[in-house]
Amino acid sequence: MISLDFLITSLIIVALPGTGVIYTLALGLGRGMKASIWAAFGCTLGIVPHMTASILGLAALLHASAVAFEIVRYLGVAWLLYMAWGMWFGTGAMKVTANESAAGVLKIIRDGILLNLLNPKLSVFFLAFLPQFVSANTPDTTLEMTLLGLIFMAMTFAVFVIYGCFAGALRSHIIERPKVMSLIGKSFAGAFVLMGSKLLLTERL
């Protein structure tokens, strides 16, 4: 049975501003609600490998292996800085476009996936988080952890969509104000740099 504690804790974790939230907001402001929904979808898909690793116990290997952890971490930092560069110069997520092509949608999803995929702390987080809410008398631990993970993913997608739609609703009020858009883009870029710095300086759990 899914506990209320799990639902409340998950909602708080998902709602806290992080790389996925900022990316989704940026797409909503720059490209509209549809783009932000694709961004939310990509960020949610990026959770799948970490959740799977946690369920299969691979996250423990990542946690134990300093080399593997450092490789993924540095790739994650590089990707965050790349995203920050695009936002700063208005060529990335904050680039204003009217309609997304199929290639544009795939790029949005890809970038969202990579934002979460290249964060090794997520695997360790799921390894520590999910087992806390598994019932002591459950007949199938793997099945229950999978269900908890899927619920967490669904909540992530729903909350990110809300963020994105909110940003998309504000888009019409700032789209014709290039200076405001530029300032917001630079603010998001700064946030990505800070998150990259935090990831770089964080030690393994």
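Keep in mind that this is a model prediction, so the values were computed, not measured.

Undergrad: Is there a simple way to explain the packing of helix α2 (residues 19-31) against helix α10 (residues 178-201) in this structure?
TA: Packed helices, taken two at a time, are described by their axes: the angle between them and the distance between them. Viewed as axis vectors pointing N to C, α2 and α10 meet at an angle of 165°, and their least axial separation amounts to 11 Å. Classed by the angle they form, the pair α2 and α10 counts as roughly antiparallel. As for how α2 packs across α10, the hand of that crossing is left-handed. Mapping the contact onto sequence places T19, I22, Y23, L25, A26, L29 and G30 in α2 and M181, I184, F188, A191, F192 and M195 in α10. Each residue belonging to the contact of α2 with α10 can be placed in one class, and the counts come to 11 nonpolar, two polar and no charged.

Undergrad: Is there a simple way to think about the packing of aromatic side chains in this case?
TA: By convention here, two paired aromatic rings are described through the distance between centres and the angle between planes. Counted by the stated rule, this structure contains seven aromatic pairs. Ring plane angle 65° and centroid distance 5.3 Å describe the contact between F6 and F133, whose orientation is recorded as edge-to-face. Taken together, the residues F6 in helix α1 (residues 4-15) and F133 in the loop between α8 (120-129) and α9 (141-174) connect sequence positions 127 residues apart. Its end group placed over the ring of W88, K186 keeps NZ or CZ at 5.0 Å from the ring centre.

Undergrad: So what exactly am I meant to see when it comes to the layout of surface pockets here?
TA: In this structure, the largest pocket occupies an estimated 780 Å³ of space. Lining the largest pocket are 27 residues; nearest its centre among them are P17, G18, T19, N119 and L122. Of all elements in the fold, only α1, α2, α6 (66-88), α7 (102-117), α8, α9 and α10 reach the threshold of two or more residues within the lining of the largest pocket. When its residues are assigned to classes, the lining of the largest pocket shows 17 nonpolar, eight polar and two charged.

Definitions and cut-offs
- Residues numbered from 1 in each chain as written.
- Predicted model: local features only at pLDDT ≥ 70, side-chain atom pairs only at ≥ 80, totals over all residues.
- Heavy atoms only, no water.
- Axes fitted to C-alpha atoms, helices over the stretch in contact; angles between N-to-C directions.
- Helix = DSSP H or I, 4+ residues; strand = E, 2+ residues; numbered from the N terminus.
- Parallel < 35°, antiparallel > 145°, perpendicular 65-115°, else oblique.
- Left-handed = near helix turned anticlockwise from the far one by under 90°.
- Contact = heavy atoms within 4.5 Å.
- Nonpolar A, V, L, I, M, F, W, Y, C, P; charged D, E, K, R; others polar.
- Phe/Tyr/Trp six-rings, centres within 6.5 Å; stacked < 30°, edge-to-face > 60°.
- Lys NZ or Arg CZ within 6 Å of the ring centre and 35° of its normal.
- 1 Å grid on protein atoms, 1.4 Å probe; cavity = no way out; pocket = protein on both sides within 12 Å on 5 of 7 lines; lining within 4 Å.
- Points joined across faces, edges and corners; volume = space filled by probe spheres on them.

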